[in-house]
Amino acid sequence: MSIYAIGDIQGCYRPLRKLLDSVNFSPTQDELWCVGDLINRGPESLDTLRFLRDLGPAVTAVLGNHDLHFLALYHGCAPQTGKHTLDQVLAAPDCDELAHWVQQLPLAYHQRVKTNGRRRDYLMVHAGVPPQWSRNRTLELAAEVEQVLQGPRHRHFLKHMYGNKPDCWDDDLEGMERLRMIVNYLTRMRFCRADGTLNLTVKGRVDNPPEGFAPWYKFEQLTPDTEILFGHWAALEGRTGRPGVHALDTGCSWGRELTVMRLEDARLFCV
Ligand SMILES: [Mn+2]
């Protein structure tokens, strides 16, 4: 039995199947962990979603910003601006079931894995973990969002989740400001300050951060106790320079590669 953690699939169905075949992935024996952004941008979001959903308990996934955007479109809560490649999913006869499956996914996932006689803790999120949150705090705050997303006020949440403010965590934040802040850290963060202040407008090169900011993982305090699996940032090309912080988005939807990491030996496989 192996656990494979895969980067942002973004509707790249054929590379996904090719990659899983190349590692002889078996849904009855192995597990597939997805760092989010399962769909959008790529050409085959519908096939991707159906395939992942049909893998049943073999799949564990966290929500990415594109997955949340899909839910907002599905519920009629998304802003009218912005391109997407989700029309085929939205028009599919099984769209309700697929949206329901996406809507119950978590924003953060923790598991203690025993490999080669060693126990290791893994925390999987789409974008990152801000400096001031412990592993348990991250899971608690992710659960606050999950509860709203899966509850009767999910449309209100999806309508008001967009925006870059507030830009720093405060335990006293309430309501939508609190939920938006949690979502922005876990699904959109790239650069932040040591105090957790986010910059969501700069997206590009990792070697040219805005003044006073750095990639979030320069400040994280979870490793070495907990290894972090994340995606979202293709410009990193799989490199963070920090042991135990695994960047898995290698830009498949930009015509580059799709990557899985086998947790037992941290070996990477790409197509
Ligand atoms: Mn993303």
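Located above this text is the structure these notes cover.
Residues numbered from 1 in each chain as written. Predicted model: local features only at pLDDT ≥ 70, side-chain atom pairs only at ≥ 80, totals over all residues. Heavy atoms only, no water.

Draft legend 1. Looking closely at the coordination of the manganese ion. Around the manganese ion, the protein supplies D37 (OD), N65 (OD1), H126 (NE2) and H232 (ND1) as donor atoms, at distances of 2.1 to 2.3 Å. Going along the chain, you hit the donors of the manganese ion in the pattern D-x27-N-x60-H-x105-H. Of this pair, D37 sits in the loop between β2 (31-34) and α2 (45-54) while H232 sits in the loop between β9 (226-230) and β10 (245-247), placing them 195 residues apart in sequence. The burial state of D37 is the same as that of H232; both residues are buried. (Donors = N, O, S within 2.8 Å, 3.2 Å for Na, K, Ca; no water. Helix = DSSP H or I, 4+ residues; strand = E, 2+ residues; numbered from the N terminus. Buried < 20%, exposed > 50% of the residue type's maximum accessible area, 1.4 Å probe, protein only.)

Draft legend 2. Structural detail: the sheet that holds strand β8 (residues 214-215). Strands sit in the order β7-β6-β8 across an open sheet of three strands; the sheet is antiparallel. Strand pairing shows two members of the sheet lacking a second neighbour, β7 (198-199) and β8, which therefore form its edges. Pairing of strand β6 (residues 191-192) with β8 involves two bridges; the strand directions are antiparallel. Counterpart to F191 in the pairing with β8 is P215. (Pairing = 2+ DSSP bridges.)

Draft legend 3. Broad picture of the environment of L248. In this structure, L248 sits in the loop between β10 and β11 (259-262). Spatially, the C-alpha atom of L248 lies 23 Å from that of R193, the residues being 55 residues apart in sequence. Beyond its immediate sequence surroundings of up to four residues, L248 is in contact with A5, I6, G7, D8, V35, L229, F230, G231, T259, M261 and L268. (Contact = heavy atoms within 4.5 Å.)

Draft legend 4. Expanded view of the sheet that holds strand β1 (residues 3-6). An order of β3-β2-β1-β11-β12 is seen for the five strands of this open sheet, with the pairing classed as mixed. The strands lining the two open edges of the sheet, one partner per strand, are β3 (59-61) and β12 (267-270). Pairs of neighbouring strands in the sheet enclose a mean axial angle of 25°, with direction left out of account. Bridging between β11 and β12 involves four bridges; their strand directions are antiparallel. Bridge pairing in β12 links T259 to C270. (Axes fitted to C-alpha atoms, helices over the stretch in contact; angles between N-to-C directions.)

Draft legend 5. The arrangement of helix α1 (residues 13-22) in detail. For α1, the complete set of buried residues consists of Y13, L16, L19 and L20. Here the buried residues of α1 occupy an arc of 130° about the axis, which is enough to place them on one side. Opposite the packed face of α1, turned more than 90 degrees from it, sit the exposed residues R14, K18 and D21. At the C-terminal side of α1, N24 shows a positive phi close to 55°. (Arc of directions from axis to C-beta.)

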